[in-house]
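# Architecture and fold: a report
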Amino acid sequence: MNREVYKDADELSWQLAEWITSLIEETLTRKDQFSLVLSGGNTPKKLHQLLASSPYRERINWKKIHIFFGDERAVPLEDERNNARMAFDTLLDKVDVLPGQIHIMNTSLSPDAAAMEYEEILNEYFGTDELPARSFDLVLLGMGDDGHTLSLFPRQPVIHEEKMWVSSLFLKAQDMYRITLTKNIVNHADHIVFMISGKDKAHALKEVIEGVRNPDLYPSQIIIPTQGELHFFTDAAASSALDA
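Our subject in this report is the structure included herewith. Remember, it's a predicted structure, so these values are computed and weren't measured experimentally.

Parameters and conventions
Residues numbered from 1 in each chain as written. Predicted model: local features only at pLDDT ≥ 70, side-chain atom pairs only at ≥ 80, totals over all residues. Heavy atoms only, no water. Salt bridge = Lys/Arg side-chain N within 4 Å of Asp/Glu carboxyl O. Helix = DSSP H or I, 4+ residues; strand = E, 2+ residues; numbered from the N terminus. Buried < 20%, exposed > 50% of the residue type's maximum accessible area, 1.4 Å probe, protein only. 1 Å grid on protein atoms, 1.4 Å probe; cavity = no way out; pocket = protein on both sides within 12 Å on 5 of 7 lines; lining within 4 Å. Points joined across faces, edges and corners; volume = space filled by probe spheres on them. Nonpolar A, V, L, I, M, F, W, Y, C, P; charged D, E, K, R; others polar. Pairing = 2+ DSSP bridges. Axes fitted to C-alpha atoms, helices over the stretch in contact; angles between N-to-C directions. Contact = heavy atoms within 4.5 Å. Polar contact = N/O pair within 3.5 Å; in protein donor to acceptor, adjacent residues only side chain to side chain.

### Observations concerning the pattern of salt bridges
- Enumeration over the complete set of coordinates arrives at 13 salt bridges.
- Two residues, D79 and R81, come together in a salt bridge whose shortest N-O distance is 2.8 Å.
- A salt bridge links K183 to E162, with the nearest nitrogen and oxygen atoms 3.2 Å apart. Remark: E162 occurs in the loop between β5 (138–141) and β6 (166–171) and K183 occurs in helix α6 (residues 183–186); sequence separation between them is 21 residues.
- What makes K183 buried here is its relative accessible area of 11%.
- When salt bridges with common partners are traced through the structure, they connect E18, E25 and R59 into a single cluster.

Here's what the structure looks like:
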């Protein structure tokens, strides 16, 4: 596990934008394409805006990037709560990524059908319906103040899913269906990055990193790379409760 702590959310976004851009540049010297999983929520908006602006926009060969999503709310693409909508507004509409290389979760389908379709998209991309030794090049994750990541919320059975790569669930607290990648495919990524900002995340982050292992209470603990790298990029407020 690697930890990077920055003074505030702005510095966090700038530093992570540089780190991501450098990783993409280096990876594309060895591979023909780069798979990037985006997260939702408010925290990555500044990061998206930076990646869509100079100098990062020009440094990244967007035509070689495949965009995926970690999870989605089962609301129409036009709905402001839709994670893909946010990504289009803050990043994807501003760079020359090829439309056919943007893989959204289809919320016009039922949640179960959308999850099945997305798993088929991943099967096709990776060329197998068996878990690949390595999956995505980079997965960007957020973390809620309850310790959830993706749509893996506390005490939800999907936390312990062992077979499916993509699942749907009904979250009673939000009265909403959601679609999510599972730990199975995420943990096979080459690089997994948590981007965490704000004092309200401090307690959960301490429990995730330093607390007793209990992913039913703190689902972010279930993210353990099989052979890739795990990074926590945080601001000082989010890391304020950590001992080290």
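Right, picking up where we left off after that structure.
### Regarding empty space enclosed by the protein
- Throughout the structure, instances matching the rule amount to 1 cavity of 30 Å³ or more.
- Taken as a whole, the largest cavity encloses approximately 40 Å³ of empty space.
- The wall of the largest cavity is formed by S39, T43, P44, L47, L140, L141, G142 and M195.
- Here the lining of the largest cavity is composed, by residue class, of 5 nonpolar, 3 polar and no charged.

### Some thoughts on the sheet that holds β6
- Read from one edge to the other, the open sheet built from 3 strands follows the order β4-β7-β6, with strand pairing classed as antiparallel. Among the strands making up the open sheet, the edge pair consists of β4 (71–73) and β6. Taken pair by pair, the neighbouring strands of this sheet meet at an average axis angle of 20 degrees, ignoring direction.
- Note that β6 and strand β7 (residues 176–181) share 6 bridges and pair antiparallel. Bridge pairing links S168 to I179 in β7.
- Its contacts with the sheet place helix α5 (residues 111–126) against β6 and β7, and it is angled at close to 155 degrees to β6.

### Notes on the side chain of H103
- Here H103 lies in the loop between α4 (83–90) and α5.
- Of the residues examined, H103 reaches a relative accessible area of 14% and is grouped as buried.
- Here the side chain of H103 touches H66 through a polar contact of 2.9 Å, side chain to side chain.
- Setting aside its immediate chain neighbours within four residues, H103 contacts H66, I67, F68, F69, Y118 and I121.

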